[in-house]
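# Fold and contact review
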Protein chains: 2
Amino acid sequence: MDMTSKLTAVAERLFDRHGYMATGMDRLTEAAGVSSRTLYKHVGSKTELMARVLTERDRRFMARIEVRSVDALFAALEDWVRVEGCRGCLFLRTRAETGGDTPEIAEAVSLHKEALQQRIREVVAMDLGREDLALAEQVLVLFEGATHAAVYRGAQTVSAARAAAFTLLERARP
Amino acid sequence: MDMTSKLTAVAERLFDRHGYMATGMDRLTEAAGVSSRTLYKHVGSKTELMARVLTERDRRFMARIEVRSVDALFAALEDWVRVEGCRGCLFLRTRAETGGDTPEIAEAVSLHKEALQQRIREVVAMDLGREDLALAEQVLVLFEGATHAAVYRGAQTVSAARAAAFTLLERARP
DNA sequence: TGCAATGTAAAACGATCGTTTTACATTATG
DNA sequence: CATAATGTAAAACGATCGTTTTACATTGCA
């Protein structure tokens with residue numbers, strides 16, 4: 001694992017767990033066990049690092065939800081929150097914390113959410129045998145809702161979302 | 001309107017729109033048209049101000065969702081996002097940005113989310129004629145999901161959540 | 001009239017921020 | 001062996017942060 005990937009992984013963990021405000025570059029160097037010079041040589045700046053974290057997280061997250069049914073989608077989300085914890089969507093949090101004023105970050109968030117919507121539309125289509133944009137939007141709401149309600153309700157909420165999705169899907173089926 | 005309320009209102013607007021990181025106390029004094037001395041005399045500190053903003057927002061938000069049906073609940077949310085915009089739940093954002101390490105803020109968020117859950121349970125019970133905690137949890141997921149998906153999908157998403165809630169409720173009815 | 005109270009304007013505080021620099025050690029490779 | 005690359009340790013940079021202080025103006029009330 002090269003230095004940049006390591007730094008990105010450490011940064012993702014700290015940013016996610018303590019927020020961007022509370023995570024200074026010195027905390028990062030300490031946690032990663034590198035000098036500030038090395039840090040800056042590899043990641044350029046804090047803003048670049050934030051964007052890189054999002055890009056990497058998108059890769060990891062999207063790989064996790066490469067599934068073929070809505071039920072598997074929520075099962076994958078259950079796995080994710082069990083492994084990664086539930087602190088809300090880091091993409092939306094990052095965008096909110098920067099006020100949307102950082103183009104690189106705004107674009108990383110935009111790309112991720114676009115990919116997420118596309119994936120959900122595909123999964124709904126697989127399950128239903130046809131496209132259903134309205135249902136896909138409802139599933140998206142459940143997905144986003146599970147992610148955020150889990151922050152204070154815990155992982156059980158993902159199961160509730162899963163059950164709700166099942167009901168909605170059942171009703172839309174031929 | 002007294003000074004403290006005015007300062008809290010201005011702070012809520014800036015915090016919500018640009019994030020806490022990007023909203024310094026000087027921006028607040030400028031936006032409110034007061035001196036920094038007056039600001040600190042009334043709100044104590046930035047942390048206190050953040051907590052006060054949440055308490056005030058809870059009051060306003062909960063007043064808005066004093067409704068008697070699930071459908072009215074989502075209608076109220078539609079109104080809210082039309083008037084206040086959609087930048088995600090400020091409570092969760094604040095908690096995330098402080099890493100949950102600020103007790104006053106963590107408690108304000110906790111109180112709000114507890115109240116929200118209670119309200120939803122009540123509304124579901126009114127609609128259904130009986131308590132249904134599982135359904136209430138699903139409605140909570142839809143509510144939270146609508147709030148956050150609306151950030152990138154716009155207000156239309158609240159309508160999707162509303163429709164989904166209607167379907168789930170229909171199915172649970174006697 | 002005089003005295004609190006309450007406000008502004010603006011400088012200054014120390015701390016901390018992201019970032020750069022200086023000086024030096026280690027390692028891989030020709 | 002020499003040299004270039006890559007790392008650490010640590011001081012220092014200027015900017016900005018939240019906060020306090022100094023000095024002065026306005027106002028309401030005894």
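Cut-offs and rules
- All residue numbers here refer to positions counted from 1 along the written sequence of the relevant chain.
- Key to labels: chains lettered from A, ligands numbered from 1, both in the order written.
- Under the rules for a predicted model, residues below a pLDDT of 70 receive no local features and side-chain atom pairs below 80 are neither given nor counted, while totals for whole chains, interfaces and linings still include all residues.
- Working from all heavy atoms in the structure, the side-chain values ignore hydrogens and water.
- Only residues with pLDDT of at least 70 in both copies contribute their C-alpha atoms to the least-squares superposition of the copies.
- For this analysis, residues touch if any pair of their heavy atoms sits within 4.5 Å.
- Proximity criterion: a residue is near a molecule or strand once any of its heavy atoms comes within 4 Å of it.
- Polar contact criterion, stated in full: a pair of N or O atoms within 3.5 Å, where within protein one must be able to donate a hydrogen and the other to accept it, and residues adjacent in sequence count only if both atoms are side-chain atoms.
- A run of H or I in DSSP becomes a helix once it reaches four residues, and a run of E becomes a strand once it reaches two; helices and strands are each numbered from the N terminus.
- Here the term charged refers only to Asp, Glu, Lys and Arg, the term nonpolar to Ala, Val, Leu, Ile, Met, Phe, Trp, Tyr, Cys and Pro, and the term polar to all other amino acids, Gly among them.
- Note on aromatic pairs: the rings of Phe, Tyr and Trp (six-membered ring only in Trp) are paired at centre separations within 6.5 Å, and the planes decide the class, stacked below 30 degrees, edge-to-face beyond 60, tilted for the rest.
- Relative accessibility under 20% of the residue-type maximum defines a buried residue, over 50% an exposed one, and the middle range a partly exposed one, all with a 1.4 Å probe and only protein chains included.

## Quick notes on the relation of the copies chain A and chain B
Between the two chain copies there is a screw-like relation: a rotation about an axis and a shift along it. Its rotation angle being 180°, the transformation that places chain A on chain B also includes 0.0 Å of axial translation and leaves an RMSD of 0.0 Å. What we have between these two chains is a two-fold relation. When C-alpha distances to the rotation axis are compared across chain A, the minimum falls at Gly145 of chain A, with a value of 1.6 Å. Looking at chain A, 100% of its interface residues are interface residues in chain B too, so the copies touch through the same face.

## Details of the protein's contact with DNA strand D
Taken together, 17 residues lie near DNA strand D, and Thr38 of chain A together with Ser36, Arg37, Tyr40 and Lys46 of chain B sit nearest. Within 4 Å of the protein, the atoms of DNA strand D are drawn from sugar and phosphate moieties in a proportion of 51%. Within the side chain of Lys46 of chain B, one N or O atom sits 2.3 Å away from a phosphate oxygen of DNA strand D. Secondary-structure elements contributing two or more residues to the surface near DNA strand D are helix H3 (36-43) of chain A together with helix H2 (25-32) and helix H3 (36-43) of chain B. Examining the composition of the surface near DNA strand D, we find that 4 residues originate from one element, H3 of chain A, more than from any other.

## Section: the protein's contact with DNA strand C
Contacts to DNA strand C come from 16 residues, most closely from Ser36, Arg37, Tyr40 and Lys46 of chain A together with Thr38 of chain B. Of all DNA strand C atoms lying within 4 Å of any protein atom, the proportion belonging to sugar or phosphate reaches 50%. The contact in question runs from a phosphate oxygen of DNA strand C to an N or O atom on the side chain of Tyr40 of chain A, over 3.0 Å. Between DNA strand C and Thr38 of chain B, the relevant distance is 2.2 Å, taken from a phosphate oxygen to a side-chain nitrogen or oxygen of the residue. Every element with two or more residues in the surface near DNA strand C is listed here: helix H2 (25-32) and H3 of chain A together with H3 of chain B. For the surface near DNA strand C, the element with the most residues is H3 of chain B, which contributes 4 residues. Of the residues assigned to the surface near DNA strand C, the class counts are 3 nonpolar, 9 polar and 4 charged.

## Brief notes about the packing of aromatic side chains
All names here are of chain A. One pass over the structure, following the stated rule, counts 8 aromatic pairs over all chains. The interplanar angle of 85° and the centroid separation of 4.9 Å between the aromatic rings of Phe61 and Trp80 together place this pair among those described as edge-to-face. In this pair, Phe61 sits in helix H4 (residues 46-64) while Trp80 sits in helix H5 (residues 70-84), placing the two residues 19 residues apart along the sequence. Per residue, the accessibility class of Phe61 equals that of Trp80, and both read buried. Taking 6.2 Å as the distance between ring centres and 70° as the angle between the ring planes, the aromatic pair formed by Phe61 and Phe143 counts as edge-to-face. Of this pair, Phe61 sits in helix H4 while Phe143 is found in helix H8 (residues 133-153), placing the two residues 82 residues apart along the sequence. The class for Phe143 is buried, based on a relative accessible area of 2%. Pairwise contacts between aromatic rings join Phe61, Phe74, Trp80 and Phe143 into one cluster.

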